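# A look at the structure
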Amino acid sequence: MAKYAFIHANIIDGTDTDNIMEAGTVLVNEGIIEKVSSKIAVPAGYEVIDVDGRYLLPGMINLHAHLFGTGKPSKNLGGGKNQERILKFINSPLGKPVIDSMVKNHVRQALNSGVTTIRSSGDFVYSDVRVRNLINSGRMIGPRLLVPGAAITCVGGHGYGTFAVGSDDPKELQKFVQERKDHGVDWIKICVTGGVMDAKVKGEPGIVRMTPEQTKATCDKAHELGYRVASHTESSLGIKVALENGVDTIEHGSELDDELVSLFLKRKAAFIVTSSPAYPLFKLPSSVTKLNELCIYNSGVLFEHMIKGAKKALENGIPVGLGTDESCPLVTPYSMAREIHYFAKFYGVSNSFALYTGTLRNAKILGIDKETGSIERGKSADMIVVKDNPLEDLKALQHVDIVMVRGQLIAKPEVKHNEQIDEWLDSIE
């Protein structure tokens, strides 16, 4: 790897402060941040990159993304014959290379938008594992991927038959966990509750699907094998079932009472916010979202409850992280910057805290904060450069000039935007 010296940078280190190191220099050696200071003489042998007063900060970390989709709204997401045909193709020998190619493209788009780490949350036929292996072996440049393979649920649970496999037998659920271990996954993803797309009742986007016994069996096996467990959970009752039976991160979430706060603290669990689908899906008309009235209404319910739950979590010292839920309608591979912006806009936090959450806090939730998440000596060189100050306006993160991931430089990152999706999202800002 080359040695790099980023000079004349306004450095934001990723911690929860408004401090900026002006005219700073960052030395990168063998993919590791070697020095950070405003008083460094650049040694010989370093390629100099003049940041010229722009802002250098940690790469963004996305805690919740499905890597297969573009974010383009489609009626196929709601089921039907077209969805059946697509799923049959994906699971065929011909389909696997196609889905792998899609995942490769989407993670490159995410990286070029400034996302240097992604925890995926349920993908088809171990495509996430195969692409992670390509990246880790150096055969392609991509973000750091932490992957679970397909999610696990009960028969009829959220994602069942699409991005999740399922059984009602706790022993079969444990076999699914072992199968993922055999494929070398990094996390286990389960779906304790239903979601907006499969809800049957107005006002209940997260009806409990997995029983306590099923949840416990899955989590026990995962923990036995050294894995942490993330759960799609969109109701307060679902959170109770999940936390009482071993889940480590609650994805999406809902309102919290004092009992749930205690369970979070006892489990040392985290609450993962995903505003990127929920907000636009209830704000935009069905002609855009391709959703029916029930889904639109329940998206609004989920968004309201997620905000209330996250605020209570923050008040009680429960870690709150951020993910986009990429592949949902209107959520693209480059949506993480908008997710951070939504966090400050709707959750009552400062720009600096939102930025910290999308970088170092997310790294802490993943347990990789010794490796990445901030601009500090000894950490992986996962960095981005933007023109404007994100502490003043988080929308600056939507325009990234330079990306570096594990010391690999992308001097001119290009993101293929869906201009129609961008226009729709901008219209509700």
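Given the structure is predicted, the values throughout are model-derived calculations rather than measurements.

Parameters at a glance
- Residues numbered from 1 in each chain as written.
- Predicted model: local features only at pLDDT ≥ 70, side-chain atom pairs only at ≥ 80, totals over all residues.
- Heavy atoms only, no water.
- Helix = DSSP H or I, 4+ residues; strand = E, 2+ residues; numbered from the N terminus.
- Buried < 20%, exposed > 50% of the residue type's maximum accessible area, 1.4 Å probe, protein only.
- Contact = heavy atoms within 4.5 Å.
- Areas by Shrake-Rupley, 256 points an atom, 1.4 Å probe, with all protein chains shown as cover.
- Lys, Arg positive; Asp, Glu negative; His and termini not counted.
- Charge placed at Lys NZ, Arg CZ, Asp CG, Glu CD.
- Salt bridge = Lys/Arg side-chain N within 4 Å of Asp/Glu carboxyl O.
- Pairing = 2+ DSSP bridges.
- Axes fitted to C-alpha atoms, helices over the stretch in contact; angles between N-to-C directions.
- Patch = residues over 30% accessible without salt bridge, like charges linked within 9 Å, V, L, I, M, F, W, Y side chains within 5 Å.

## Focus: the overall build of the protein chain
When its secondary structure is counted, the protein chain shows 13 helices and 18 strands. A total of 429 residues make up the protein chain; the buried ones form 59% of that total. For the protein chain, restricting intrachain contacts to residue pairs at least 6 apart in sequence, the fraction spanning at least 24 positions comes to 70%. Here the protein chain displays about 17,200 Å² of accessible surface, and carbon together with sulfur accounts for 49% of that area. Across the protein chain, 49 positive and 52 negative side-chain charges occur, with their mean positions spaced 4 Å apart.

## Some details on the pattern of salt bridges
Opposite charge on two side chains lets them pair, provided their charged atoms get close. Enumeration according to the criterion identifies 21 salt bridges in this entry. Across the salt bridge formed by Lys-395 and Glu-429, the nearest N and O atoms sit 3.7 Å from each other. Within this pair, whereas Lys-395 is found in the loop between strand E16 (383-386) and strand E17 (400-405), its partner Glu-429 is found in the segment after helix H13 (419-426), the two being separated by 34 residues in sequence. On the basis of relative accessibility, which here comes to 34%, the residue Lys-395 falls in the partly exposed class. Overlapping salt bridges bring together Arg-338, Lys-345, Lys-395, Asp-426 and Glu-429 as one network.

## Examining the sheet that holds strand E6 (residues 60-65)
With parallel pairing, 3 strands are arranged side by side in an open sheet as E6-E7-E8. A strand with exactly one partner marks an edge of an open sheet, and here the two such strands are E6 and strand E8 (144-146). Across the sheet, the mean angle from the axis of one strand to that of its neighbour is 15°, orientation sign disregarded. Most of the contacts of helix H12 (residues 351-366) go to E6, to which it runs at about 55°, and overall it touches E6, strand E7 (115-120) and E8.

## Brief notes about a nonpolar patch on the surface
A cluster of nonpolar residues, Phe-89, Leu-94, Val-98 and Met-102, forms a patch on the protein surface that exposes about 360 Å² of accessible area. Within the fold, Phe-89 resides in helix H1 (residues 81-90). Overall, the relative accessible area of 38% leaves Phe-89 in the partly exposed class.

Read these as geometric descriptors, not functional statements.
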